[in-house]
Amino acid sequence: MASLGDLERAVMERLWAAGGPVAATTLRDELADRAVALTTVHTVLTRLEQKGFVVHDDARPRGFSARSSRADHAAELMHEVLGQAGDRQAVLARFVGSVNADEARLLRELLAGGADPADADAAAPVR
């Protein structure tokens with residue numbers, strides 16, 4: 001999976017938080033604290049499309065959306081790291097040993113098939 005640079009991550013955070021497609025000008029305005037030019041926003045969006053993170057519609061101006069959710073992205077990253085581990089069991093054991101009681105309960109429920117992963121997004125604390 002392609003990694004995200006700092007500005008790419010900032011753009012993705014805004015796309016994930018949006019309720020629908022977002023115009024490049026809106027993203028530029030939301031990134032005003034970074035003083036980025038509209039051309040820079042377009043370049044970042046093009047790169048994110050090439051990496052498979054972003055799609056756009058055919059409206060004018062174009063609306064950009066995240067291809068998948070933040071939770072899907074995090075799960076893909078976790079799967080990729082686990083896939084590269086020499087000792088998957090050791091990595092999983094360390095991960096499980098680092099979660100708090102609520103997260104451990106949630107993991108048990110998910111593994112038992114008793115919880116909906118979509119509910120886990122809302123219930124899990126953000127770290």
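Definitions and limits used
- Residues numbered from 1 in each chain as written.
- Predicted model: local features only at pLDDT ≥ 70, side-chain atom pairs only at ≥ 80, totals over all residues.
- Heavy atoms only, no water.
- Axes fitted to C-alpha atoms, helices over the stretch in contact; angles between N-to-C directions.
- Helix = DSSP H or I, 4+ residues; strand = E, 2+ residues; numbered from the N terminus.
- Parallel < 35°, antiparallel > 145°, perpendicular 65-115°, else oblique.
- Contact = heavy atoms within 4.5 Å.
- Nonpolar A, V, L, I, M, F, W, Y, C, P; charged D, E, K, R; others polar.
- Patch = residues over 30% accessible without salt bridge, like charges linked within 9 Å, V, L, I, M, F, W, Y side chains within 5 Å.
- Areas by Shrake-Rupley, 256 points an atom, 1.4 Å probe, with all protein chains shown as cover.
- Salt bridge = Lys/Arg side-chain N within 4 Å of Asp/Glu carboxyl O.
- Buried < 20%, exposed > 50% of the residue type's maximum accessible area, 1.4 Å probe, protein only.
- Pairing = 2+ DSSP bridges.
- Polar contact = N/O pair within 3.5 Å; in protein donor to acceptor, adjacent residues only side chain to side chain.
- Core = buried A, V, L, I, M, F, W, Y, C linked by side-chain atoms within 4.5 Å.

Colleague: It is not clear to me how the packing of helix 1 (residues 6–17) against helix 3 (residues 38–50) should be interpreted in this structure. Could you clarify?
Modeller: Packed helix pairs are specified by the crossing angle of their axes together with the interaxial distance, meaning the distance between the axes. Where helix 1 meets helix 3, the closest approach of the two axes is 10 Å, and the angle between their N-to-C directions is 80°. In terms of their interaxial angle, helix 1 and helix 3 are classed as roughly perpendicular. Counted together, L7, E8, V11, M12 and L15 of helix 1 and T40, V44, L45, R47 and L48 of helix 3 form the full contact between these two elements. Here the contact of helix 1 with helix 3 is composed, by residue class, of seven nonpolar, one polar and two charged.

Colleague: Help me understand a nonpolar patch on the surface, please; the structure alone is not making it clear to me.
Modeller: Judged by side-chain polarity, M78, F95 and V96 come together as a nonpolar surface patch covering roughly 280 Å² of accessible area. By relative accessible area, V96 is classed as partly exposed at 48%.

Colleague: Just to check I follow, could you spell out the pattern of salt bridges for this structure?
Modeller: Between side chains of opposite charge, a pair can form as their charged atoms come close. For the structure shown, the criterion picks out five salt bridges. For R34, the salt bridge identified is with D6, shortest N-O distance 3.0 Å. With a gap of 28 residues between them, R34 in the loop between helix 2 (24–30) and helix 3 and D6 in helix 1 connect regions that are remote in the sequence.

Colleague: Which parts of the structure should I look at to understand the packing of helix 4 (residues 70–84) against helix 5 (residues 88–98)?
Modeller: In contact at an axis separation of 8 Å, helix 4 and helix 5 are set at 135° when each is read in the N-to-C sense. On the basis of the axis angle, helix 4 is oblique to helix 5. For the pair helix 4 and helix 5, the contacting residues are M78, L82 and G83 in the first and R88, V91, L92 and F95 in the second. Along the lines of polarity and charge, the residues of the contact of helix 4 with helix 5 split into five nonpolar, one polar and one charged.

Colleague: Quick question: what am I supposed to make of the sheet that holds strand 2 (residues 54–56) here?
Modeller: Two pairing modes exist for strands in a sheet, parallel and antiparallel, and in both the strands are linked by backbone hydrogen bonds. A sheet is described by the order of its strands in space; here three strands give the open sequence 1-3-2, paired in antiparallel fashion. Both outer strands of the open sheet, strand 1 (22–23) and strand 2, are each paired with one neighbouring strand and no more. Summarising the sheet, strand 1 and strand 3 (residues 63–66) pair through two bridges and their orientation is antiparallel. Following the sheet pairing, A23 is matched in strand 3 by G63. In the packing of helix 1 onto the sheet, the strands contacted are strand 1, strand 2 and strand 3, and the crossing angle to strand 3 comes to about 90°. Along the sheet, helix 3 contacts strand 2 and strand 3; its crossing angle with strand 2, the most-contacted strand, is approximately 110°.

Colleague: When you look at the environment of P21 in this model, what are you seeing that I'm missing?
Modeller: Its place among the elements puts P21 in the loop between helix 1 and strand 1. Judged by relative accessible area, P21 falls into the exposed class, the value being 53%. Leave out the neighbours within four places in its chain, and P21 touches D57, G63, F64 and S65.

Colleague: Please explain the environment of S69 as it appears in this structure.
Modeller: Mapped onto the fold, S69 is located in the loop between strand 3 and helix 4. Taking the C-alpha atoms as reference points, S69 and M12, separated by 57 residues in sequence, lie 9.8 Å from one another. Separated by 3.0 Å, the side chain of S69 and the backbone nitrogen of D72 make a polar contact.

Colleague: Mind showing me how you'd approach the nonpolar core here?
Modeller: The tendency in soluble globular proteins is for nonpolar side chains to be buried side by side. Counting 18 residues, the largest nonpolar core has V11, M12, L15, L27, L45, L48 and V54 as its most contacted members. Going through the elements one at a time, helix 1, helix 2 and helix 3 are the ones with two or more residues in this core. Looking at which element gives the most residues to this core, the answer is helix 1, with five residues. Among all residues touching L27, those that are not within four sequence positions of it are V11, R14, L15, V22, V41 and L45.

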